[in-house]
Structure formats: C-alpha cells, structure tokens
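Spelled out, the chains give:
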Amino acid sequence: MRHFKTLLFHELRVVIYSWNTWATAGLFLTLMGTIYWFALLECSRSPQPWTPVEGTFKLFWLPLLCILPLLTMRSFSEERRAGTLSSLLTTPASIAAIVWAKFLSAWITWVVFWLGFIPFTLLVNFRLGSVNEQRLSDPSVLIGALCFIFMSGLLHIAIGILCSCLTRSSALAALLTFITLLGLTAAGGALESLPIESWTWLGWLREPASHLRTFGHLQDFAAGVIDSRPLVLYITGNLLCLGLAILAVEGQE
Amino acid sequence: MTEPTSQPVAAVVAELLTKRYGSLTAIEDLSFTVAPGEIVGFLGPNGAGKSTTMKILAGTMAGTSGRATIWGESVSLNPAAAKSHLAYMPENNPLPDDLRVEEYLTLRAKLKNVESKNVQERVEKVMLDCDLTRRAKGRLIGHLSKGFRQRVGIADALLAQPKVIILDEPTIGLDPHQILGIRDLIRSLRGQMAVLISSHILHEVEQVCDKVVIINRGRLVAQGKTEELRRELLPDSVFHLISNTPLSQLLEICLQIESAAKVEIQESLSGGWSRYKIVIPTQSPIRENLAAHLIKTGISIREIAEEHYGLEDIFLAATRRTTNDGLRN
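Residues numbered from 1 in each chain as written. Chains lettered and ligands numbered in written order. Predicted model: local features only at pLDDT ≥ 70, side-chain atom pairs only at ≥ 80, totals over all residues.

### Remarks on the overall build of chain A
Helices and strands together make up the secondary structure of chain A, namely 15 helices and zero strands. Expressed as a percentage of its 253 residues, the buried residues of chain A come to 37%. For chain A, contacts bridging at least 24 residues in sequence account for 80% of all contacts bridging at least 6. (Helix = DSSP H or I, 4+ residues; strand = E, 2+ residues; numbered from the N terminus. Buried ≥ 20, exposed ≤ 12 C-beta atoms within 10 Å, placed from the backbone. Contact = placed C-beta atoms within 7 Å.)

Okay, here's the thing in structure tokens:
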C-alpha cells in the first residue's frame with residue numbers, strides 16, 4: 001500500500017474539483033428531495049404505516065442505480081482511455097494503493113451525498129415543528145438507514161470500481177455497474193418471493209436468498225437490529241471486488 | 001532483494017526480450033545494454049517494436065520471455081525497486097488535463113519517493129530546468145501547447161533524479177526551437193543518468209547520443225557507436241571526382257592505387273569533364289589521402305570530395321539489410 005495517503009488525497013481533490021461530482025450531487029439531492037417530498041405528501045393525505053424518512057429510504061435503489069454508477073464510472077476507465085494510468089504505474093506506487101485510494105474517495109463521496117439528505121429532514125422538522133416530531137422524522141430510523149447505506153456502499157462502490165477497471169469506456173462502465181447492482185438488489189427480493197419452500201430441488205437456494213435480501217437488511221438497520229451476517233456479506237464482497245479490480249489492472253498492463 | 005549499493009555495470013539490461021501477441025511477434029530475442037551515464041538512441045521504423053520494448057523496460061507491460069533489469073533490479077521480479085531507479089516518458093506523453101503543472105509535478109514527486117522536505121525544491125528546480133516557471137507553472141495542463149506538455153513530461157522524468165530515464169519520442173510534434181531546447185536538456189544529462197531515447201529524427205539522435213541501438217521487425221539489427229556502425233554497415237568509402245580523364249584510364253589508375261577500387265561515371269559535364277564515383281574500402285590506407293595519390297599520377301582534377309555517411313545512411317543500411325533478409329526468407 002505504498003503512497004496510499006498521497007493517492008487518496010489526490011483522488012479526493014480530483015473529486016472536489018470535478019464538475020462531474022457537483023452535477024451528480026445536484027442530481028442526487030434533487031432526486032432525494034423529490035422522493036422525500038412525495039413521501040411527506042403521502043403521509044399528510046392519510047396515515048401510513050411508515051414515517052416519511054422510512055418511505056424515502058425504501059426507494060434507496062433509485063439513487064443506487066442512477067447515481068452510484070456516475071460516481072465510479074470514470075475512476076479507471078477514463079485514466080485508461082487517456083493513458084494516465086500507465087504513467088501512474090511507472091511510479092513506485094502499488095496497484096493495490098491506487099485501487100483502494102479510488103475506492104475510498106468514491107465511498108467518501110457517496111457517504112457525503114447521503115449526509116446531504118439530513119438537512120431536508122431538519123428543514124421539515126423546523127418548518128412543521130408543531131406536528132408529531134417522532135412520526136415526522138425518527139432520528140433512530142434515519143441513523144439506522146444511513147448506516148445501512150454506508151455499509152452496503154462498501155460493496156456497491158467496489159462493484160462500480162471493478163466495472164470501471166474492465167473497460168476504457170466510461171459509459172460502458174456505468175452500464176455494467178447499473179446491471180450488476182440491479183441484479184444484486186433484485187436477486188434477494190426475487191428469490192424471497194419465489195415459493196422455494198415448496199420446491200425441494202431448490203432448497204439449497206434458501207440460505208443464499210436469506211443473505212441477499214437487501215431490503216430486509218435496510219429494514220433491520222432502520223429498526224436498530226444489528227445482524228453480523230450482512231456486515232460480513234458487504235465487507236467480504238468489498239474485498240473480493242477490490243481484489244478482482246487489482247488483478248484486472250495488473251492483467252491489463 | 002536489497003538495493004545494490006555499488007554502481008552496476010549496466011544501467012539498463014535487455015536480455016533476449018520477447019513479446020508475443022498470439023501469433024504476432026512484436027519483439028524477439030532483443031538484447032542490448034545501456035551503461036550508467038550513457039545516452040543511447042533507440043531507433044527503428046514504425047512498428048519495429050520500440051515502444052513495446054520501452055514499455056517492458058518501464059514495467060508497464062510484461063514480456064513473454066527474457067529478462068530486463070534497471071540498475072541491477074529485475075523489472076518483473078522486483079518492480080518497485082526497478083521503478084525507484086527509473087523515469088519513463090511514454091509516447092504521446094499522457095497527462096491529466098485537470099491538474100495545474102505545479103500540482104501535477106508535486107504529486108509525481110511524492111509518488112516517486114522524493115523526501116517531503118525536498119519536494120518543493122525539486123519541483124521548482126525541474127520547472128526552471130525545463131523552462132516552465134515563467135509561462136506554465138500555474139496553468140492547467142489541458143490548456144498547454146504540445147511543446148509545453150512535452151516539457152512537463154520531461155520535468156516529471158527528471159523530478160526524482162533517477163538513474164535511468166526512458167524517453168519515447170520526446171521531440172515529436174515540437175517546433176525547431178523547442179527541439180533545440182530539449183536536445184540541450186538531454187545533452188546536459190550525460191554522465192549524470194543513463195538515457196534511452198527513441199526518436200524518428202535521426203539527426204537529433206546523432207547529435208545527442210553516445211550510442212545507438214537499431215531494431216527492425218522486432219529484432220536487433222545493429223548496436224554500437226555511430227562510427228563503429230558506419231564501418232560495419234557501410235564498409236565502403238565513396239568519393240565524388242570531377243576530372244577530364246577517360247573512365248578506362250581512371251579505373252586503371254585507381255586499381256594501381258587500390259586493387260579493390262571501383263569506378264563508375266555518374267554524369268558527363270561540358271568541356272570533356274565528367275563526374276565519377278570512386279568506391280574504396282573504408283579500411284584501405286589509401287582512403288585518407290586518395291586525392292594526393294590521384295594528383296601524383298598527373299591527372300586533371302577539378303573537384304574531389306568524400307561522401308559523408310550520417311546516421312540516416314546507417315539506419316537505412318541496417319534496416320534495409322534485415323528487410324531484404326526477411327524478404328528472402
């Protein structure tokens with residue numbers, strides 16, 4: 001991990017100075033604000049079994065599929081297209097340090113984007129302070145849901161980084177990330193909805209399906225239930241994807 | 001592997017380097033060395049395998065077989081140590097457009113293990129050496145002209161004071177003034193670091209390099225000092241003579257002076273004068289004073305001059321020889 005710190009600061013600087021980041025941030029906040037707005041409207045029309053924050057986070061897959069690929073798509077593909085990755089590899093910096101620095105800067109950006117959602121809830125609380133605050137915005141739900149986003153982000157961002165390593169085209173990298181994340185998010189739900197119990201020959205799928213239930217993980221985190229299994233899933237998935245990304249960069253050079 | 005403390009015999013060693021892409025062989029059994037402090041020109045026609053060889057030496061591409069070392073460190077077995085002695089400027093010099101020159105060089109200095117307290121000083125020094133301080137220091141790289149981008153690439157190569165510098169076409173696309181500047185800069189490195197430089201501008205290479213390595217179709221065709229290659233590849237010296245002596249008589253005289261001489265008429269001029277081409281072996285002792293010998297025989301001579309062979313002739317002779325061999329095979 002030679003020069004990891006230098007590379008991380010450089011990547012963060014590139015992220016901060018890139019118009020792409022600010023445009024993506026604008027898009028993200030607009031999307032989240034709109035979802036939150038509709039969730040508030042729903043709650044104001046009739047009593048709902050969920051709070052506006054819970055309702056907003058149930059649609060977390062929207063920014064995941066639409067925004068996250070925009071954050072990671074350029075990380076390696078753009079550098080490979082421009083040839084600057086080859087130039088970087090002539091320095092004593094290790095490939096692992098390069099991959100981890102790009103991952104961590106993208107993950108930090110993702111975290112900051114989601115933290116940007118908190119002012120929406122504070123603003124609503126401030127303006128509608130007379131309404132039952134607990135129902136309007138339960139801080140524990142918000143903290144739990146954000147913890148889920150940050151933990152699952154370890155795997156999701158790593159997938160984006162891996163996809164960016166595989167191609168010189170940023171657009172193709174974004175598409176690959178979108179498809180993989182869609183598959184991963186939908187797989188758990190799809191497997192859960194199948195009548196696996198009645199299909200004995202599919203019995204072996206029961207266990208993996210229970211681990212891949214992404215929406216279930218969100219509910220658990222939001223309810224304050226800390227289960228170590230999703231943590232292990234997201235951390236090992238992250239290590240696997242970044243390991244593959246390192247091999248992909250090594251293989252291409 | 002520990003870093004060698006003493007100076008190795010060779011700064012760069014390429015030993016039987018081979019690179020294959022499926023059935024296509026880019027380079028085959030390529031061997032050459034660059035001594036410490038030596039400036040070596042790496043020449044070859046387009047597609048000869050120059051950039052592939054340089055990428056393998058720089059560790060950005062793996063060879064299929066063979067061995068490459070930089071300052072005694074194996075590029076494949078100990079890449080970090082090899083890279084710590086090396087600076088490589090690839091062809092087309094890819095640079096990040098969204099960084100300012102000073103920022104970019106500062107980042108590269110940190111990545112190249114320049115001590116933190118020396119980073120600023122080194123960056124200032126190379127910017128000064130490459131004439132970047134006045135006009136490019138604070139500008140975005142994406143807004144620089146081709147010439148300044150090349151300077152940034154060379155400044156980057158000089159940053160960590162490496163023992164070996166590999167420059168792939170450093171003067172491509174530059175105007176004559178810029179080429180002169182780059183040439184002087186490279187020349188100033190002689191004795192301080194080993195430089196392997198590829199260029200299509202043979203005149204440049206001849207002016208700057210101590211030695212040349214010529215490859216064609218992925219194979220080594222010649223290497224050595226220009227004078228040595230001249231003797232090896234162009235064994236004959238050619239003289240151009242204007243005289244009114246008939247061909248048969250001139251041939252007879254020349255054969256008396258040097259038995260291996262060849263004479264042919266090139267052009268008939270007015271007043272009975274003709275331009276002749278006299279070819280004698282370069283090794284012949286007569287070569288040095290052919291004119292004196294001819295005058296002594298009493299023939300009329302209006303002009304005599306020896307044709308000078310430049311690196312271009314050597315390059316053409318070397319590559320033509322292998323191309324013809326290839327066609328015959």
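The rest of the description comes next.
### Points about the overall build of chain B
Regarding its fold elements, chain B presents eleven helices and 14 strands. In chain B, which comprises 329 residues, the proportion classed as buried is 42%.

### Quick look at the domain arrangement of chain B
Domain parsing of chain B yields domain 1 (12-231) and domain 2 (235-306). For domain 1 of chain B and domain 2 of chain B, the distance between their C-alpha centres works out to 45 Å. (Domains from an automatic or database assignment.)

### Points about the interface of chain A and chain B
With 16 residues of chain A at the contact, the number on the chain B side is 20 residues. The set of elements that each furnish at least two residues to the side of chain A that touches chain B consists of α1 (4-17) and α7 (84-89) of chain A. Of the residues contributing to the side of chain A that touches chain B, the split by class is six nonpolar, nine polar and one charged. (Nonpolar A, V, L, I, M, F, W, Y, C, P; charged D, E, K, R; others polar.)

### Here's the deal with α1(A)
Given a rise of 1.5 Å per residue, 14 residues ought to cover 20 Å, and the 20 Å separating the end C-alpha atoms of α1(A) matches this to within 8%. Among the residues of α1(A), those classed as buried are Leu7(A), His10(A), Glu11(A) and Val15(A). For α1(A), the arc enclosing every buried residue in end-on projection is 140°, short of the 170-degree limit, so these residues lie on one face. Opposite the buried face of α1(A), by more than 90 degrees, sit the exposed residues Lys5(A), Ile16(A) and Tyr17(A). Looking at the buried side of α1(A), the elements it contacts are α2 (19-45) and α8 (95-115) of chain A together with α3 (101-111) of chain B. (Expected span 1.5 Å × (residues − 1). Arc of directions from axis to C-beta.)

### Quick word on the environment of Ser84(B)
Residue placement: Ser84(B) occurs in helix α2 (residues 79-84). Once residues within four sequence positions are removed from consideration, Ser84(B) is found in contact with Pro92(A) and Asn113(B).

### Details of the sheet that holds strand β14 (residues 301-306) of chain B
Residues and elements named next belong to chain B. The strand order across the open sheet formed by four strands is β12-β13-β11-β14, and the pairing between neighbours is antiparallel. Sheet topology places β12 (262-268) and β14 at the edges, where each strand pairs with a single neighbour. Each strand of the sheet is rotated relative to its neighbour by a mean of 20°, with strand direction disregarded. One ladder, built from five bridges, connects strand β11 (residues 236-243) with β14; its direction is antiparallel. (Pairing = 2+ DSSP bridges. Axes fitted to C-alpha atoms, helices over the stretch in contact; angles between N-to-C directions.)

### Regarding the pairing of strand β7 (residues 164-168) of chain B
Residue and element names in this part refer to chain B. For β7, the buried fraction is high: five of the five residues fall into the buried class. Side chains Val 164, Ile 166 and Asp 168 project from β7 onto one buried face, and the interleaved Ile 165 and Leu 167 project onto a second face that is buried too. Pairing of strand β6 (residues 86-89) with β7, which is carried by four bridges, proceeds in the parallel orientation. Considered in β7, the bridge of Ala 87 is made with Ile 165. With five bridges connecting them, β7 and strand β8 (residues 194-198) associate as parallel partners. Bridging across to β8, Ile 166 finds its partner in Leu 196. A crossover links β7 with its parallel partner β8, the connecting element being helix α6 (residues 176-187), and its sense is right-handed. (Right-handed = clockwise from strand over helix to strand, strands pointing away.)

### Here we look at the packing of α3(B) against helix α4 (residues 116-129) of chain B
Residues and elements named next belong to chain B. Contact geometry of α3 with α4 gives a least axis separation of 9 Å together with a crossing angle of 125°. Relative to α4, α3 is oriented oblique. α4 is crossed by α3, and the crossing has right-handed handedness. Across the interface between the two elements, Glu 102, Leu 105, Thr 106, Ala 109 and Lys 110 of α3 pack against Val 119, Arg 122, Val 123, Val 126 and Met 127 of α4. (Parallel < 35°, antiparallel > 145°, perpendicular 65-115°, else oblique. Left-handed = near helix turned anticlockwise from the far one by under 90°.)

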